[in-house]
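Take a look at the letters that make up each chain.
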Amino acid sequence: VHWEYIPFPISYLTRSENLFHFALYIKYENNKFILYRGKNIHISKNEITRLYNNNVRLLYVHKEDKKLYVNYLETISQGILSDTELPPLDKVFFLHFLATDIMESIPQSPNIDHEITRTKHFISCCDHILKQTPSLSGQFFRIRTTLDFTTLKSIHAAIIGLLAWETLTNLSTVEHHDLGIACFLMDIGKFKIPSTLLNKKGPLTEKDWKEIRKHPI
């Protein structure tokens, strides 16, 4: 049951009018999830205070509302990354979550332009946090998550591309971000290749290569 719910840090509750288009759940013992607030119901500051006082730091969103949740996070992203009171590692987890959703969405999205816009926003957020707190760059590589290898490597590549700004000082800001985007999307074609083929041990057959060549990006 646990994998059906996505963590929602209550620190995010103070960044909007606290009227969400998705339901919020609270977790009790034995991974039992109970509806805390239905869709489009206001959460007051007093309620947020009560949650903190009861040592509740996470609410949850059902996976069916993931898109609404992601849209909300992208809307408040600058506020999250600029918050000096939010633990730096929380910001890294936040960016990992956005990156994962982009990687999952691109291969099946009917509107690739929208996903590219989201990718640009993600790279801009990464650039912002790296300039704000340069020491965080190492956290992107130390963090241990359940992300698949391709997504994790893509995030790492994007960070390396953005850090290259320090040596490629002749790049404009647009070119700098384009480098980060290119690094992030370098393996996007892998998402169209069966995992059995990607993880195959031993040499590839001509039939295998024919499938791989369908996805040159």
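The following refers to the structure shown. (Residues numbered from 1 in each chain as written. Predicted model: local features only at pLDDT ≥ 70, side-chain atom pairs only at ≥ 80, totals over all residues. Heavy atoms only, no water.)

Once that is clear, we can look at the nonpolar core. One finds Phe-8, Leu-13, Leu-59 and Phe-184 to be the most contacted residues of the largest nonpolar core, which totals 49 residues. With near-sequence residues (within four places) excluded, Phe-8 lies in contact with Leu-13, Phe-20, Phe-22, Leu-24, Arg-57, Leu-58, Leu-59, Tyr-60, Val-61, Tyr-69 and Tyr-72. One finds Tyr-5, Ala-23, Phe-33 and Tyr-60 within the second-largest nonpolar core, a separate group that totals five residues. (Core = buried A, V, L, I, M, F, W, Y, C linked by side-chain atoms within 4.5 Å. Buried < 20%, exposed > 50% of the residue type's maximum accessible area, 1.4 Å probe, protein only. Contact = heavy atoms within 4.5 Å.)

Quick look at unusual backbone geometry now. Its identity is not glycine, yet Asn-40 carries a phi of approximately 60°, on the positive side. Along the polypeptide, Asn-40 turns up in the loop between β3 (32–37) and α1 (45–53). Residue Asn-40 is classed as partly exposed on the basis of its relative accessible area, which comes to 44%. Although it is not a glycine, Asn-55 sits at a positive phi angle of roughly 60°. In this structure, Asn-55 sits in the loop between α1 and β4 (58–62). (Helix = DSSP H or I, 4+ residues; strand = E, 2+ residues; numbered from the N terminus.)

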